[in-house]
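Residues per chain, in single letters:
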Amino acid sequence: MTLAETWRAARPPAAGVHVDSAACSRQSFAAIEAASQHARHEAEVGGYVAAQAAAPALDAGRAAIRALLGMPDAGVSFTTGSNHALDILLGDWTGERTVACLQGEYGPNLAIMARHGFDIRLLPVDEFGRLDVNAVGAALAHHPPALVHFTVLGSHSGIVQPVHAMASACHGHGIPMFVDAAQGFAHLSMADIGADAVYSSSRKWTAGPRGVGFLATRPGLLTDSTRERLGHAETNVGLQVGFSVALGEHVAAGPSAVQARLREVGAAARTALAEVPGWRVIEHVDEPSAITTLQPPDGVDAAQVRERLIAEHGIVTTYLGIQRAPRQMHHPALRISPHVDVTDDDLAAVAKALTAVTR
Ligand SMILES: *Cc1c(COP(=O)(O)O)cnc(C)c1O
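All figures in this text were calculated on a predicted structure; none of them were measured in a lab.

Enquirer: Before we go on, may I ask you to explain the site of the ligand in this structure?
Expert: The full set close to the ligand counts 13 residues, and Asn83, Asp180, Ser201, Arg203 and Lys204 are the nearest of them. Within the contact set of the ligand, a nitrogen atom lies 2.6 Å away from a side-chain nitrogen or oxygen of aspartate 180. Here the ligand, which alone exposes 380 Å², has 90% of that area covered by the protein. Residues of the shell around the ligand, tallied by class, amount to three nonpolar, seven polar and three charged.

The following block contains the structure:
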């Protein structure tokens, strides 16, 4: 079986066409069953006893995260998601409160930075919102922030940011770097970046359950009091078990094979969708991600299009309001984010339905 066939056979059949992995991928039978088995075990032996029994599974999940990040000595904590991880990181920060990020920074991240009293500066970018690698060194030297927060792949665009160039600029200037890999983890190679902290969400490209994520930090980054608090906080262990199973499946499938297939899927989606009258594909066809953003024709409401695609065609996509990236987006858009199992027929159905609902 091909990777696509194996991935498809491992989960319940989709009711229609699911091209919404950047929001929430479809879980496997194994991940779903592991989380529900754990809940059952809690009822049988008690929640705290069941948690002890699950410890090796969670250790395996954390080991997979360390391996995928190339951070063998990182501290890894499960969180409720990416925003939770950023909130922990910034709440723990004891230095000066200035942070540099991209113009396309995720809106809820900007809100968390503001809530923690950070003064936000923008990194130099090109006309596509991609980091300007030739200008970033001078920008950091001229006006050094205490911290760089780098979102390697945004929620509002499929454009992959040059994370290694950003990391070497940070190292050159002695500036710590935190990486938002909510969209990047499992989707792109996140190995050996040299970041001080990396965080992501389970439900996106790893295809684990909702309501769980991770925060990986280099030793010594977090204060003892934050580490202690994380160790004792109430959590949903069953979701962490499900996420650990999904991580195991990702490792078993072969991260580089998954990532190569996702690049292929992105190019196929952009090619199919370029045919839809009036809509504009934002990314270059070969942009190395599986996210396609489509700008609607004038007068077409992308939120309504998303609703009609579900109601009339059984096709799940994402509506992108400008609050996703308030410093960059001027128009709402529609996001198409298939996983490795998408077929040419699925993509043709999306293009056809989009044409039908726009007419
Ligand atoms: C989804 C997303 C987040 C937030 O993740 P949660 O798990 O919902 O907190 C942060 N950053 C980016 C780029 C995202 O796409």
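Enquirer: Explanation requested: the packing of helix α10 (residues 255–273) against helix α12 (residues 344–358) in the structure shown.
Expert: Packing of α10 against α12 leaves a shortest axis separation of 9 Å and a crossing angle of 35 degrees. At the point where α10 passes α12, the crossing takes the right-handed sense. Of the residues in α12, those in contact with Ala268, Ala269, Ala272 and Leu273 of α10 are Leu347, Val350, Ala351 and Leu354. Here the residues of the contact of α10 with α12 sort into eight nonpolar, no polar and no charged.

Enquirer: How should I be thinking about the side chain of serine 157 in this particular structure?
Expert: Tracing the chain through its elements places serine 157 in the loop between β5 (147–151) and α7 (163–173). At a separation of 3.0 Å, a polar atom in the side chain of serine 157 contacts the main-chain amide nitrogen of isoleucine 159. Look past the residues within four positions of serine 157 in its chain and what remains in contact with it is Glu283, Ile291 and Thr293.

Enquirer: I tried to follow the environment of glutamine 27 on my own but got confused; where do I start?
Expert: Here glutamine 27 lies in the loop between β1 (17–18) and α2 (29–45). What makes glutamine 27 partly exposed here is its relative accessible area of 23%. Sequence separation of glutamine 27 and arginine 97 is 70 residues, and the distance between their C-alpha atoms is 38 Å. With residues up to four places along the chain from it excluded, the contact list for glutamine 27 reads Arg11, Pro12, Ile32, Ala207, Gly208 and Pro209.

Enquirer: What am I meant to see in the UniProt feature "domain: Aminotransferase class V" (unreviewed entry) in the chain here?
Expert: The UniProt feature table records "domain: Aminotransferase class V" (unreviewed entry) at residues 18–225. A helix fraction of 38% and a strand fraction of 16% characterise residues 18–225, whose end C-alpha atoms lie 42 Å from each other.

Enquirer: Hey, could you run me through the pattern of salt bridges in this one?
Expert: Side chains that differ in charge, positive against negative, can pair when their charged atoms come close. Applying the stated criterion across every chain, the model contains 13 salt bridges. Note that arginine 62 and aspartate 59 form a salt bridge whose closest N and O atoms lie 3.0 Å from each other. Separated by three residues within a single helix, arginine 62 and aspartate 59 lie in helix α3 (residues 47–69), roughly one turn from each other. Notably, a salt bridge pairs glutamate 283 with arginine 270, separated by 4.0 Å at the nearest N-O pair. With a gap of 13 residues between them, glutamate 283 in the loop between β9 (280–281) and β10 (292–295) and arginine 270 in helix α10 connect regions that are remote in the sequence.

Enquirer: Which parts of the structure should I look at to understand unusual backbone geometry?
Expert: Leaving glycine out, the prevailing phi sign among residues is negative, and the prevailing peptide bond configuration is trans. If you check the backbone angles, alanine 186 has positive phi at about 70 degrees while not being a glycine. Considering the arrangement of structural elements, one finds alanine 186 in the loop between β6 (177–180) and β7 (197–201). Judged by relative accessible area, alanine 186 falls into the buried class, the value being 4%. Its identity as a non-glycine residue notwithstanding, alanine 207 has a phi of 65 degrees, on the positive side. Mapping alanine 207 onto the fold places it in the loop between β7 and β8 (213–217). On the basis of relative accessibility, which here comes to 5%, the residue alanine 207 falls in the buried class.

Enquirer: Sorry if this is basic, but what is going on with the packing of aromatic side chains here?
Expert: Geometry of an aromatic ring pair is reported as the spacing of the ring centres plus the angle between the planes. This model, assessed by the stated rule, comprises three aromatic pairs. Residues phenylalanine 78 and phenylalanine 243 carry aromatic rings whose centres are separated by 6.0 Å and whose planes lie at 70 degrees to one another, so their mutual orientation is edge-to-face. You can see phenylalanine 78 sitting in strand β2 (residues 75–79) and its partner phenylalanine 243 sitting in helix α9 (residues 237–253), a full 165 residues away along the chain. The exposure classification of phenylalanine 78 matches that of phenylalanine 243, with both residues buried. Here the aromatic rings of tryptophan 93 and phenylalanine 178 are separated by 5.9 Å at their centres, their planes lie at 85 degrees, and the arrangement is edge-to-face. Residue tryptophan 93 is found in the loop between α4 (82–92) and β3 (98–101), and its partner phenylalanine 178 is found in strand β6; the two are separated by 85 residues along the sequence. Relative accessible area serves as the criterion here: at 1%, phenylalanine 178 is assigned to the buried category. For the cation-ring pair, arginine 11 lies above tryptophan 7, with the distance from its terminal atom to the ring centre recorded as 3.5 Å.

Reading the values: rules and limits
- Residues numbered from 1 in each chain as written.
- Predicted model: local features only at pLDDT ≥ 70, side-chain atom pairs only at ≥ 80, totals over all residues.
- Heavy atoms only, no water.
- Near = heavy atom within 4 Å.
- Polar contact = N/O pair within 3.5 Å; in protein donor to acceptor, adjacent residues only side chain to side chain.
- Areas by Shrake-Rupley, 256 points an atom, 1.4 Å probe, with all protein chains shown as cover.
- Nonpolar A, V, L, I, M, F, W, Y, C, P; charged D, E, K, R; others polar.
- Axes fitted to C-alpha atoms, helices over the stretch in contact; angles between N-to-C directions.
- Helix = DSSP H or I, 4+ residues; strand = E, 2+ residues; numbered from the N terminus.
- Left-handed = near helix turned anticlockwise from the far one by under 90°.
- Contact = heavy atoms within 4.5 Å.
- Buried < 20%, exposed > 50% of the residue type's maximum accessible area, 1.4 Å probe, protein only.
- UniProt positions renumbered as here; feature names shortened; annotations may be inferred.
- Salt bridge = Lys/Arg side-chain N within 4 Å of Asp/Glu carboxyl O.
- Phe/Tyr/Trp six-rings, centres within 6.5 Å; stacked < 30°, edge-to-face > 60°.
- Lys NZ or Arg CZ within 6 Å of the ring centre and 35° of its normal.

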